[in-house]
Amino acid sequence: GHWSFDLHARHIECSPEARRILEVGPAADSVSYRRILSRIPPAEHSAAHRFFRETLLRDSSGEITLSLAPPGAPGKIVHVTLRVETGAPGHARRLFGTIQDITRLITAEESLRARDQLLLALYENAPNAMGVVEPTGDSFRFVSANPGTSRLLGLDTERLAGRRLDELGLPPEGAECWTALFRG
């Protein structure tokens, strides 16, 4: 949604989508800076206020991601953009920008990050040999290998990544065995 704040009239206008995100009701309800600030958790008040104030004082534009905690509604994460419109040189006349509810996006990112961490923990702590190899010429290059693979080969994990099987100093019969296994 989009919004606009007339600095001289001290009046905020919000699109229906911005009102829905802010949960401020129909267009007849007045929207004030204090009312919007009251929907931001107290721990983020100073950061939000500082962002709006500094953007206004610098006569610039900016963006910020904030939490919203509307009364009686589930919390949200919003992304706000802000631009300053000036009248006479150096005199701000109006602030305007957009507000997007990015709660689902942030929640999905956090879920993916948690899954990645779980998968990495399983990979790194599995007692079995696990890894990714890619064919290169007549050998195979380790893209990654877990500690189980390193233990099985008797090598350091750091030594495996990016190295070819025939560069690891394995006995010839060991290198042949692994090459045949990887070729499947």
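Each remark here, short or long, concerns the structure printed above.
Numbering of residues starts from 1 in each chain and follows the order in which that chain's sequence is written. Local features in this predicted model are restricted to residues of pLDDT 70 or higher, and side-chain atom pairs are both shown and tallied only at a pLDDT of 80 or more, whereas totals for entire chains, interfaces and linings draw on every residue. By convention in this description, side-chain values take in all heavy atoms of the structure and omit both hydrogens and water.

Asker: Please clarify how the overall build of the protein chain should be interpreted in this entry.
Answerer: The numbering of helices and of strands both runs from the N terminus, where a helix is a DSSP run of H or I of at least 4 residues and a strand a run of E of at least 2. When you go through the protein chain residue by residue, the secondary structure sums to 7 helices and 7 strands. Each helix (α) and strand (β) of the protein chain, taken in turn from the N terminus, gives the series β-β-α-α-α-β-β-β-α-β-β-α-α-α. Put simply, the radius of gyration uses C-alpha atoms, and a globule should come to 2.2 Å times the residue count raised to 0.38. Taken over the C-alpha trace, the protein chain has a radius of gyration of 28 Å; the compact-globule value for 184 residues is 16 Å, which it surpasses by more than 25%. Within the protein chain, the proportion of its 184 residues that are buried is 31%. Two residues qualify as a contact provided that any one of their heavy atoms is within 4.5 Å of a heavy atom in the partner residue. Pairs at least 24 residues apart make up 36% of the contacts formed inside the protein chain by residues separated by at least 6 positions. To measure how exposed things are, a 1.4 Å probe is used in the Shrake-Rupley method; for residues, cover is taken only from the protein chains shown. Summed over all atoms, the accessible surface of the protein chain reaches about 11600 Å², with 56% contributed by carbon and sulfur. Averaging the positions of the 22 positive and the 23 negative side-chain charges in the protein chain gives two centres separated by 9 Å. Think of it in three bands: residues with accessible area under 20% of the maximum for their type are buried, residues over 50% are exposed, and the middle band is partly exposed, with areas taken using a 1.4 Å probe on protein chains only. When charges are tallied, Lys and Arg are placed among the positive residues and Asp and Glu among the negative ones, while His and the ends of the chain are skipped. In this description, the location of a charge corresponds to atom NZ of lysine, CZ of arginine, CG of aspartate or CD of glutamate.

Asker: What is the right way to read the side chain of Thr149 from this model?
Answerer: Mapped onto the secondary structure, Thr149 falls in helix H5 (residues 147-153). Apart from residues no more than four positions distant in its own chain, Thr149 is found in contact with Asn128, Ala129, Met130, Gly131, Phe142 and Leu160.

Asker: What is the right way to look at the layout of surface pockets in this model?
Answerer: To locate leftover empty space, one rolls a probe as large as a water molecule over the atoms. If you add up the space inside the largest pocket, you get close to 450 Å³. Residue lining of the largest pocket: 23 residues in total, with Trp3, Phe5, Tyr33, Phe52 and Leu95 positioned closest to the centre. Every element with two or more residues in the lining of the largest pocket is listed here: strand S1 (2-6), strand S2 (11-14), helix H2 (33-38), helix H3 (42-58), strand S3 (61-68), strand S4 (76-86) and strand S5 (92-101). Sort the elements by how many residues they give to the lining of the largest pocket and H3 lands first, with 6 residues. Note on residue categories: nonpolar means Ala, Val, Leu, Ile, Met, Phe, Trp, Tyr, Cys or Pro, charged means Asp, Glu, Lys or Arg, and polar means any other residue, Gly included. By residue class, the composition of the lining of the largest pocket is 20 nonpolar, 1 polar and 2 charged. A 1.4 Å probe that fits into a set of points on a 1 Å grid over the protein atoms alone but cannot get out defines a cavity; an open set with protein on both sides within 12 Å along at least five of seven lines defines a pocket, and lining residues are those with an atom within 4 Å of a point. Grid points are joined across faces, edges and corners, and a volume is the space filled by probe spheres set on the points.

Asker: Is there a simple way to explain the pattern of salt bridges in this structure?
Answerer: Pairing is possible between side chains of opposite charge, provided their charged atoms come close. We define a salt bridge as a side-chain nitrogen of Lys or Arg found within 4 Å of a carboxyl oxygen belonging to Asp or Glu. In total, this model carries 8 salt bridges according to the counting rule given. For Glu85, the salt bridge identified is with Arg93, shortest N-O distance 2.6 Å. On the basis of relative accessible area, Glu85 is assigned to the partly exposed category, the value being 22%. For Arg93, a relative accessible area of 41% corresponds to the partly exposed category.

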